[in-house]
Structure formats: structure tokens, C-alpha cells
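Below are the chains, spelled out letter by letter.
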Amino acid sequence: METILKTENLCKYYGKGENQVRAVRSANLAIKKGEFTAIVGKSGSGKSTLLHLLGGLDYPTNGKVWVKEKDIFSMKEEELAIFRRRKIGFVFQAFNLVSSINVWENIALPLGLDGKEADEVFVRDIINTLGITDKIYNLPNTLSGGQQQRVAIARALASRPDIILADEPTGNLDSRTSDEVVTLLKTSSQKYGQTVVMITHDEDIAQIANRILVIEDGKVVEQG
Amino acid sequence: MRDTKNAIRYHDPTERGTMKKNRTILYFMMAGFLVFALADGLLIHMQVRSYKEKIQILSAFTQEQGEENLDLAVRLLKGKENFDKKDGQKVLESYGYLKSGSNRYNLELRKEIGIILCLSFVMFMLYLTAVISSSKRLVEKKRQELKNLEKILGQFRKRMYELDAREEYQGNDIRMNRIYEQLELLGEMLVLDGERLAAEKETTKSLVTDISHQLKTPVAGLKTCLEILMQEDLSEEEQAEFREQCRRQLQGLEAMTSALVNISRMETGMIQIKKEPADILETLIAAINRVYLKAEEKHISIEFQEEEDFGSLEILHDVKWVCEALINILENAIKYSQSYTVVSIRMIKCIGFLRIEIQDQGIGIPKGEYHKIFKRFYRGTSKEVAQTQGSGVGLYLTREILGEHGGSVTVSSRCHGGEQGSTFVVQLPYGSRSLTKL
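Being a predicted model, the structure only gives us computed values, none of them experimental.

Participant: So what exactly am I meant to see when it comes to the overall build of chain A here?
Facilitator: Helix and strand counts for chain A stand at 7 helices and 11 strands. Across the 224 residues in chain A, those meeting the buried criterion constitute 49%. Counted over contacts in chain A with a minimum sequence separation of 6, partners at least 24 positions apart contribute 73%.

Take a look at the structure:
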């Protein structure tokens, strides 16, 4: 299948001289369309930095990232912002929901930013798949952590991005809820044909993936 | 023949379209004409009235004499004087001043009417050109849009699903945007379908390779055994040993083929998972019953714990295949455990999933192999695994079956704590029907 996300010699260094920290060291990876990939690493291994680079949230010291055969760092900042909004969905550890608006609005909000009208049938289908149908008029604060993360996943799916980047999506959840949320992320992304790159320190969680990459001291290697 | 038919069908609606369009323009023209005619009539009427008034004033003055003129003027200005000055009018008429074109005011009136008519004619013409050109522009825009759509559909037929034309389209027409959005979705759907098809083909191919590979080893073993048996210089004892060897190889082959039948049915989509609401507890008990004998042989007890009282829990699932999936996990638990140990099963209701934890006190699984054990034909690397018979298919099938249900199976280190053995976690979604009940 076609490669949707590719990096070439991707590096990110912080600081200079002796104090230099090599967060990501010449990472070369190719992720195929529809794949669910987990990147496993301990804290401080550079995994979040890698994900930020993949999503164009941070600029690399060296190297390139291609999303759908487009070199994302060759784009102007504004262009990149639009590209990111259309092609990439993010799910974060801290959910990052807007607390003053209800669940439905949280999910439909990014669609509005892009000037798209919310495809209500599609969004409702996502909400059903994620099992938050009866919560859509609630405010995020009234939901449990697992429910909030499901809202965040629904938000990421709703704009039909090609790639979903999830940074420790289960970091704030207990183990049972973690299993549930990750399974839902997998089921829903498969249903809508989306590619997922998930970062986690938890090997139990990573099992759900089709493919596991391990990052250690900034080096990315394939796990069997 | 077919071509002409198509051509006719193709032309008809467009012609009707132009006719309809022309009629709209005609409507616009007529409406414009009426408006201008009305406005002209009103203006001309006003001019004529003011001319008449002037004549009447003059007539009044002709009628009055001397110093009464001032008085008359005052009365006229105050509007008290009625314009009924037939006498004066007659006098003016008799001098021939009231014939058309014979006085200054009349000439002026004619000139003004002329100007009004000319100006309104020019305005009308301008209006007409505006109507026609704007309708032309509209038609041109529509044609361009249709051409764009045609181009996209043409690309679709060539299996190119990137919507470049979408980028070109700058308009704000909501309906047009909708169409483009739908086209984009259609393109994505076609791409996805194509890829699924290709992936399916690929899995079938690799399945065939894998199967032939898996069958080669036991068949070769069997063949060697038989060949040795056919040499007649064997002692009774040796013969018995090789016969036993053959039997074991055949047994392995049998287990392998039945596993392969299952797996190939699953992979080629011959097995359709039919989800029906059924009591999951009964499915679990059926699975336990199927492995009970094997557990008994090794004096392994199977304990079942419910976290709360379930009664019966209806879940949308395919009873036969979920049972198969659970059997595979339980069989493994028994196979890789010592005698006189315990396999415990826990059932927990979570938010969207039913969670079944199956814990054994067996040989355990190294962390590095967690991900691999679910791969097709993968078998553990430890000595114990190598000594036990197995095809490396069971857990793979389990994962596939549960995946089809929107669920999952994982090995958990967290639920297991520091004890020996392993814990498998099965998650099954309640399914939308029973979710609302919870």
C-alpha cells in the first residue's frame, strides 16, 4: 500500500556544544496508509519530539518529513497551518477540550475553522461509534477522563484527516479505560480508513498496533 | 444506432435549457420595458400638466385688466383662483398662440419630451446590455463548472482521484461546494476500496505461501519416517518407535490442516461474522466446557469470578466464533501450564466494553514477544513452547475474530502483577443496542 508519511534523516537537537541534547537522531521511517503504528519509548527518549516533527508542530534541525508526498517544511508557515488542519488530526494526553462549550461543539469546532460545514451524518456516526451519543450536550468538565478522551478522538476524526497523531492518548487514564480508549481509536480509525501514529510508553497499549517502533535515545528502530 | 440515441438524449436537455434561459432574458426585457414606459409616461404627463398650467396662468392674465393683475397674481399664488378662464383662453386661441408649436412653452414642452424619450431609450439599451452580458457570464460560469466536473469524472475513470479542480474552484456557491465535497468523498471511497481489494489479494497470496510452508515440514517428516520404516533391517522395537513417530506426525498434520481450514476461511472472507444479541455468559461457559477435559487431565482448575452480579448480559456477537476465540485462549492457558495450577477468568463491565481477563500460572510470555504472539504462525522461542505441539494460528485467529467484532485481545502485564504466568485481556463492545440500557 501507498506510503503516506515518510521521514528522511530527521534530526532535532537542542542546545549547543557539550550541552547538546539529541532528541531525535536521523530517523528514517515510512508509514503506510491505513496502518496503526505505535512508537514506544520511555520518557525522555524523544518520542514526543518525534511526533511534533511528524505533525509539523516543530521544525527539525535537519531532515525532511513528507506527508502524502509533500515536503511539509518547504511550505510557508500559513500554508503549513492550513495543511495541518486539513490532513492531520491530533489527540493529546491532556485532551485539550474547550471547557466552555459542549461536546458537540467541541467536535464540530475544527470543522468551522476550516470553513467546512459539519457533515452531520458523518459526525453523528463517529459519535455513535465512540459511544458518546448521550453526552453530546454535556460540558467537557462533567465527563470522566475516558469520555473526554473519546470526545478528543471524535474531534480528530471528524475533519477526516489522513493521519491521526496521538501523543500518549492514555497517559491520564487508568488501565481499563486505557484499553477501551485505544481499542476504540483502532476500531474507528480502521472504519474511516485513517492512518494512526500513536506514541506511548506502555507496551501493553502498544500491542494493539499493526506495527511497533521503538525509540531509544532518539534512535528509532523497528520491533520485529 | 446507439450513438445517435445518446446524442439525442444528450442534446435535448441542453436545448431546452437554452430556451428556458432565453425566456428568462425575455422576461427581464419586458419587465424593464414596462418600468421605463411607466416612468416615461409619468414624466411626460407631469410636463404636459405644467405646460397647461402655464397656459392657464397666461389666460387668466389676458382676461384681467390693469392694476388688477397684481391682485390676480396674489390670488393665484394663494391658490384661491380657479383656473376657469375660458375667455382668456379664447382670446389667446383667436390670436393663434395655442396651436401646437406656435408658442415658446409648447416648443419647450416638445423638447423636454424628446429629451426624456431619448434618455430613457439610452438607459433601456444600457439595461438590456447589462442583462444580456450578466446572463452570458452566468452561463459561462455554469459551463466552466460543468466542464470542471466533467474533467474530474474523466479523471475518476482513469483512476486518478486527486481533486485538482477543487483547488481551482474559488466560488462560494454552497451547492457547488457540496458537490465537490461529495466528489472528494467518492474519490476517497474508491481509493480505499481499491486498496482494500489490493490488500485482500496480498493477504491471500501470503496466506498461500505461509500454508505451503507450514505443511512442508510435517509432510517431509512423515515421508522420512515412512522411508525408514520401509527399510526391512529394523528391529521390532525400532519399527514400533517409527510407527509411533508417524502417528504423531500425522496427528500434527491433522491439527494443522483443521487450523488452516479455519484460518483460510477467515482470511478469504468465507466466514461472515454474524452478530446477534446473545448471552455472553453462555458463550463463555460453552468455551469452558470444550476445554474442560483437557484441564481435567492436567488437574488444572478453572475458576470463574464475576466482579458484580451479571445475571445475563446480552451482547451483539457471533456465538460460534467468539466461542472459538475464547477456546483458543483457554487452550493455550492449559497447554502452557503445569499440572495442579489454576486458570482464573474474570468478567468486568467497563464503559463501552465487556472485559474478560483470563489469567494462568503457566510459563508466561517475555515482554518482547507480546506483540508477536498474535502474528500468524508465530510460535514462542522458549524451550517449553518448542516442545509443545501447536500451529501458531490460534491467537492470530482470536485477534481476527475479536477485531471483526470491534473488540480486541492483548496480553497484559499490568493486570498480572508479579505473579508467574500470563493474563489475556479480551474486550468486546456491548454494541449500540445494549449500550443504551447500561
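Participant: Teacher, can you tell me more about the overall build of chain B here?
Facilitator: Assigned secondary structure in chain B consists of 12 helices and 7 strands. In chain B, buried positions account for 20% of the 438 residues. In chain B, once contacts between residues fewer than 6 apart in sequence are set aside, the share between residues at least 24 apart is 71%.

Participant: Got a minute to help me understand the environment of Leu143(A) in this structure?
Facilitator: Mapped onto the fold, Leu143(A) is located in the loop between helix H4 (120-129) and helix H5 (145-158). Between the C-alpha atom of Leu143(A) and that of Val103(A), which follows or precedes it by 40 residues, the distance is 9.6 Å.

Participant: Where do I start with the interface of chain A and chain B in this structure?
Facilitator: By a frequent convention, interface size equals the accessible area lost on bringing the separate parts together. Taken residue by residue, the interface counts 22 residues in chain A and 24 residues in chain B. A breakdown of the residues in the side of chain A that touches chain B according to their chemical character gives 5 nonpolar, 11 polar and 6 charged.

Participant: Help me understand the sheet that holds strand E8 (residues 163-167) of chain A in this model?
Facilitator: Residues and elements named next belong to chain A. As summarised here, the arrangement of the 6 strands in space is E7-E8-E9-E4-E10-E11, forming an open sheet in which the pairing is mixed. Taken across any chain shown, the strands that pair with only one partner, and hence form the sheet edges, are strand E7 (88-91) and strand E11 (219-223). For this sheet, the mean inter-axis angle between neighbouring strands, taken without regard to orientation, is 20 degrees. When strand E4 (residues 36-40) meets strand E10 (residues 211-216), the two strands line up parallel, connected through 4 bridges. Paired with Ile39 across the strands is Leu213, a residue of E10.

Participant: Any chance you could explain the nonpolar core here in plain terms?
Facilitator: In terms of nonpolar packing, the biggest core is built from 62 residues, with Ile153(A), Ala154(A), Leu165(A) and Val197(A) touching the most fellow members. Take this core: its biggest share by element is 7 residues, from H5(A). When near neighbours in sequence (up to four residues on either side) are disregarded, Ile153(A) contacts Val91(A), Leu130(A), Leu184(A), Leu185(A) and Ser188(A). In terms of nonpolar packing, the next biggest core, distinct from the first, is built from 44 residues, Ile263(B), Ala325(B), Tyr336(B) and Ile373(B) among them.

Participant: I keep staring at the sheet that holds strand E4 (residues 342-349) of chain B and nothing clicks. Help me out?
Facilitator: Hydrogen bonds between backbone groups are what pair the strands of a sheet, and the pairing can be parallel or antiparallel. Residues and elements named next belong to chain B. Spatial strand order, E2-E4-E5-E7-E6: 5 strands in an open sheet with mixed pairing. Bordering the open sheet on either side are strand E2 (301-306) and strand E6 (408-412), each of which pairs with just one other strand. Strand-to-strand, the axes of this sheet are offset by a mean angle of 20 degrees, without reference to chain direction. Across 6 bridges, E2 lies against E4 in parallel orientation.

Participant: Where do I start with helix H8 (residues 280-297) of chain B in this structure?
Facilitator: Counting along an α-helix, one turn takes 3.6 residues, and residues three or four places apart therefore face a common direction. All names here are of chain B. Here H8 spans 27 Å end to end across 18 residues, near enough to the 26 Å set by a 1.5 Å rise per residue. The sharpest bend along H8 comes to roughly 45 degrees, located at Val291. Along H8, the residues classified as buried are Ile280, Thr283, Leu284, Ala287 and Val291. Tucked inside the fold, the buried residues of H8 contact strand E1 (276-279), strand E3 (314-317), helix H9 (319-335), strand E5 (353-359) and strand E7 (423-429). Among the residues trailing H8, His299 stands out with phi positive, at a value near 55 degrees.

Participant: Explain helix H7 (residues 236-267) of chain B here, please?
Facilitator: In this model H7(B) runs 46 Å from its N-terminal to its C-terminal C-alpha over 32 residues, within 8% of the 46 Å that 1.5 Å per residue would give. Looking at the buried residues of H7(B), the elements they touch are helix H6 (174-230) and helix H11 (394-404) of chain B.

Participant: Any chance you could explain the packing of helix H3 (residues 103-113) of chain A against H5(A) here in plain terms?
Facilitator: When two helices pack together, their arrangement is given by the angle between the helix axes and the distance between those axes. All names here are of chain A. Between H3 and H5, the least distance of the axes is 8 Å, while the angle of their chain directions is 30 degrees. It follows that H3 is roughly parallel to H5 by the angle criterion. Of the two possible hands of crossing, H3 and H5 adopt the one that is right-handed. Contacts between H3 and H5 involve Val103, Asn106, Ile107, Ala108, Pro110 and Leu111 from the former and Val151, Ala154, Arg155 and Ala158 from the latter. Among the residues forming the contact of H3 with H5, the class breakdown is 8 nonpolar, 1 polar and 1 charged.

Participant: How do you make sense of unusual backbone geometry when you look at a structure like this?
Facilitator: Note: most peptide bonds trans; most residues except glycine with negative phi. Phi is positive for Asn96(A), which is not a glycine, with a value near 55 degrees. Along the chain, Asn96(A) falls in the loop between E7 and H3. Although it is not a glycine, Tyr340(B) sits at a positive phi angle of roughly 55 degrees. Tracing the backbone shows Tyr340(B) in the loop between H9 and E4.

Participant: What is the right way to look at the environment of Thr381(B) in this model?
Facilitator: Secondary-structure assignment places Thr381(B) in the loop between E5 and helix H10 (383-387). Sequence separation of Thr381(B) and Pro366(B) is 15 residues, and the distance between their C-alpha atoms is 9.6 Å.

Parameters at a glance
Residues numbered from 1 in each chain as written. Chains lettered and ligands numbered in written order. Predicted model: local features only at pLDDT ≥ 70, side-chain atom pairs only at ≥ 80, totals over all residues. Helix = DSSP H or I, 4+ residues; strand = E, 2+ residues; numbered from the N terminus. Buried ≥ 20, exposed ≤ 12 C-beta atoms within 10 Å, placed from the backbone. Contact = placed C-beta atoms within 7 Å. Nonpolar A, V, L, I, M, F, W, Y, C, P; charged D, E, K, R; others polar. Pairing = 2+ DSSP bridges. Axes fitted to C-alpha atoms, helices over the stretch in contact; angles between N-to-C directions. Core = buried A, V, L, I, M, F, W, Y, C linked by C-beta atoms within 7 Å. Expected span 1.5 Å × (residues − 1). Bend = angle between axes of the 7 residues up to and from the residue. Parallel < 35°, antiparallel > 145°, perpendicular 65-115°, else oblique. Left-handed = near helix turned anticlockwise from the far one by under 90°.

Remember, this is a structural readout, not a statement about activity or role.
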